[in-house]
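Architecture at a glance
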Amino acid sequence: KLAGEHKETVCIGRTHAQHAVPTTYGLKLAIYACEIQRHIDRLNECKERILVGQMTGAVGTQAALGRHAVKIQELVMENLGLKCVMVSNQVIQRDRHAEFLLNLALTAETMNKIATEIRNLQRTEIDEVAEGFGKKQVGSSTMPHKRNPILAERICGLSRVIRADAFAQMDNIPLWHERDLTNSSPERILIPESCILTDYILNSMIDLLTNLV
């Protein structure tokens, strides 16, 4: 929407933080829109690998479920709305979970990228764009003439946490033998935290762009 509205809003392009040749805000925003679409595509594509379940027993042999073990697993997963894993040990392998968190980290880094550009363009020396400013909003507790880009800064800061969670989830891929507990203890934090924070910065970015001056 914004790309369409600003396709003829001319501004100076910059490379190496120096003036280059003219571009438009429509082009800047179209680049962001296409990048976000790729993240949506990645999330849809990875569902096939992530939305799986298993009932394979203590080490993955299904021995405790008897000769109908495969059928039992199929019925349970059908009831849960999941596909069956092709093979597992005691746990579903954590490359699947890491892929999901890496996708969230990629999304967060695009939010970081957009917010960083807005912060730079809101600098006093440039002053081309600015965050929306509410009537009762305080610019700075000690310097009331300032209008700090607090929403963009918050997005940039929280993106670091999401990226760090993805790195930590990568460490959950190697487990000892048929499993240990080094994955489940951090995952109780990593997966919900990454989902909640990604949701938060996406909604924050919608607010930021909707009210952008």
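Scroll up to find the structure.
Residues numbered from 1 in each chain as written. Predicted model: local features only at pLDDT ≥ 70, side-chain atom pairs only at ≥ 80, totals over all residues. Heavy atoms only, no water.

**Structural notes on the layout of surface pockets**
The space that makes up the largest pocket amounts to roughly 400 Å³. Every residue lining the largest pocket is counted, 14 residues in all, and those nearest its centre are L2, I36, M205, I206 and L209. Mapped onto the lining of the largest pocket, the elements with two or more residues apiece are α1 (2-5), α2 (25-50), α4 (95-121) and α6 (184-210). Counting residues per element, the lining of the largest pocket draws most heavily on α6, which supplies five residues. Per-class residue counts for the lining of the largest pocket are twelve nonpolar, one polar and one charged. (1 Å grid on protein atoms, 1.4 Å probe; cavity = no way out; pocket = protein on both sides within 12 Å on 5 of 7 lines; lining within 4 Å. Points joined across faces, edges and corners; volume = space filled by probe spheres on them. Helix = DSSP H or I, 4+ residues; strand = E, 2+ residues; numbered from the N terminus. Nonpolar A, V, L, I, M, F, W, Y, C, P; charged D, E, K, R; others polar.)

**Some remarks on the packing of helix α5 (residues 150-170) against α6**
For the pair α5 and α6, interaxial distance at closest approach is 9 Å and the crossing angle is 155°. The angle between α5 and α6 places the two elements in the roughly antiparallel class. The hand of the α5/α6 crossing is left-handed. (Axes fitted to C-alpha atoms, helices over the stretch in contact; angles between N-to-C directions. Parallel < 35°, antiparallel > 145°, perpendicular 65-115°, else oblique. Left-handed = near helix turned anticlockwise from the far one by under 90°.)

**Section: the packing of α4 against α5**
Between α4 and α5, the shortest axis-to-axis distance is 8 Å and the interhelical angle comes to 160°. Relative to α5, the element α4 lies roughly antiparallel. When the axes of α4 and α5 are compared, the crossing they make is left-handed. A class-by-class count of the residues in the contact of α4 with α5 yields 14 nonpolar, five polar and five charged.

**A look at the pairing of strand β2 (residues 18-24)**
Both strand β1 (residues 10-15) and β2 contribute to a ladder of five bridges, which runs antiparallel. If you follow T15 over to β2, its bridge partner there is Q18. With antiparallel pairing between neighbouring strands as the criterion, β1 and β2 make up a hairpin whose turn holds two residues, including H16 at a positive phi of roughly 60°. (Pairing = 2+ DSSP bridges.)

**Comments concerning the nonpolar core**
What tends to happen in soluble globular proteins is that the nonpolar side chains get buried as a cluster. Formed by 26 residues in total, the largest nonpolar core has its most connected members in I114, I155, I162, M205 and L208. Broken down by secondary-structure element, the contributors of at least two residues to this core are α2, α4, α5 and α6. Sorting elements by how many residues they give to this core places α4 first, with nine residues. Contact partners of M205, with chain neighbours within four places excluded, come to M111, I114, A115 and I155. (Core = buried A, V, L, I, M, F, W, Y, C linked by side-chain atoms within 4.5 Å. Buried < 20%, exposed > 50% of the residue type's maximum accessible area, 1.4 Å probe, protein only. Contact = heavy atoms within 4.5 Å.)

**So, α2**
With 26 residues, α2 extends 37 Å between its outermost C-alpha atoms, agreeing within 8% with the 38 Å of an ideal straight helix rising 1.5 Å per residue. Within the sequence span of α2, burial applies to Y25, G26, K28, L29, Y32, E35, H39 and C46. Buried residues belonging to α2 abut α1, β1, β2 and α4. (Expected span 1.5 Å × (residues − 1).)

**Re unusual backbone geometry**
Of note in this structure, H16 is not a glycine but carries a positive phi near 60°. Tracing the sequence through the fold places H16 in the loop between β1 and β2. Phi at H177 is positive, roughly 55°, even though this residue is not glycine. Examined against the element boundaries, H177 turns out to sit in the loop between α5 and α6. The class for H177 is exposed, based on a relative accessible area of 70%.

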